[in-house]
Amino acid sequence: MATEYYIIENKLINYKGNEKNVIIPEGVTDICFKAFQHKQLISVTIPDSVTSIDETAFYWCNSLRNVIIGNGITSISNKAFYHCENLTDMELKGNKIHNSKGIIKQTDNRFRIDVIRKLNNLGIQIIY
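Just so it is clear, the model here is predicted, and its values are computed rather than measured.

Draft legend 1. Examining unusual backbone geometry more closely. One non-glycine residue, E9, lies in positive phi territory at about 45°. Here E9 is to be found in the loop between β1 (5–8) and β2 (11–15).

In structure tokens:
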């Protein structure tokens, strides 16, 4: 099945595809509530056009391991990566994030320490 995105006014509402390695289309500005819930993603690349990731946008994406977040991001909501138990690598290109906390439920120490330091330096509490 081809990659299928449901996008309204530049907001990614839902992802209906079955791809494991997803590149979100340029021009999307928001990834909405539960847009990728229960998808078997391995990696996600989020373009510079995205400014916000809503609460539980990647809810229960158990296979997700790698996320690249573009330079435009300003907000990552609470529990955006809720129950992404295998997420170990996140590249955060931007440094303009405000008031984000508890974006990942991390149950062990597998998450890269350099990512934790960068997020902490931006005032983001990574673990809830």
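Draft legend 2. Here's a closer look at the environment of N62. Relative to the elements of secondary structure, N62 occurs in the loop between β6 (52–53) and β7 (66–69). Sequence spacing of N62 and N86 is 24 residues, and the spatial spacing of their C-alpha atoms is 6.1 Å. The contact partners of N62, leaving out residues within four places of it in the chain, are H83, E85 and N86.

Draft legend 3. Up close: the pattern of salt bridges. Throughout the structure, instances matching the rule amount to one salt bridge. We note a salt bridge from K11 to D30, for which the minimum N-O separation is 3.4 Å. With K11 in strand β2 and D30 in strand β4 (residues 30–31), this pair connects stretches of sequence that are 19 residues apart. K11 gets classed as partly exposed once you look at its relative accessible area, which sits at 34%. Its relative accessible area of 13% is what places D30 among the buried residues.

Draft legend 4. How the structure looks around the environment of V50. Looking at the secondary structure, you find V50 in the loop between β5 (43–46) and β6. By relative accessible area, which is 0% here, V50 ends up buried. Distance from V50 to T74, taken between C-alpha atoms, is 8.5 Å for residues 24 residues apart in sequence. Ignoring sequence-local partners within four residues, the contact set of V50 consists of V28, T29, I31, G72 and I73.

Draft legend 5. Highlighting the pairing of β5. Looking at chain direction, strand β3 (residues 21–23) and β5 are connected through three bridges and run parallel. The partner of I23 across the bridge, within β5, is T45.

Draft legend 6. Spotlight on the pairing of β7. Side chains V67 and I69 of β7 all project onto a buried face; the interleaved residues N66 and I68 project onto a face where none is buried. The sheet contact formed by β5 and β7 spans four bridges and is parallel. If you follow S43 over to β7, its bridge partner there is N66. Here four bridges tie β7 to strand β9 (residues 89–92), and the two strands are oriented parallel to one another. Looking across to β9, one finds that V67 is bridged to M90.

Each value, and the rule that gives it
Residues numbered from 1 in each chain as written. Predicted model: local features only at pLDDT ≥ 70, side-chain atom pairs only at ≥ 80, totals over all residues. Heavy atoms only, no water. Helix = DSSP H or I, 4+ residues; strand = E, 2+ residues; numbered from the N terminus. Contact = heavy atoms within 4.5 Å. Salt bridge = Lys/Arg side-chain N within 4 Å of Asp/Glu carboxyl O. Buried < 20%, exposed > 50% of the residue type's maximum accessible area, 1.4 Å probe, protein only. Pairing = 2+ DSSP bridges.

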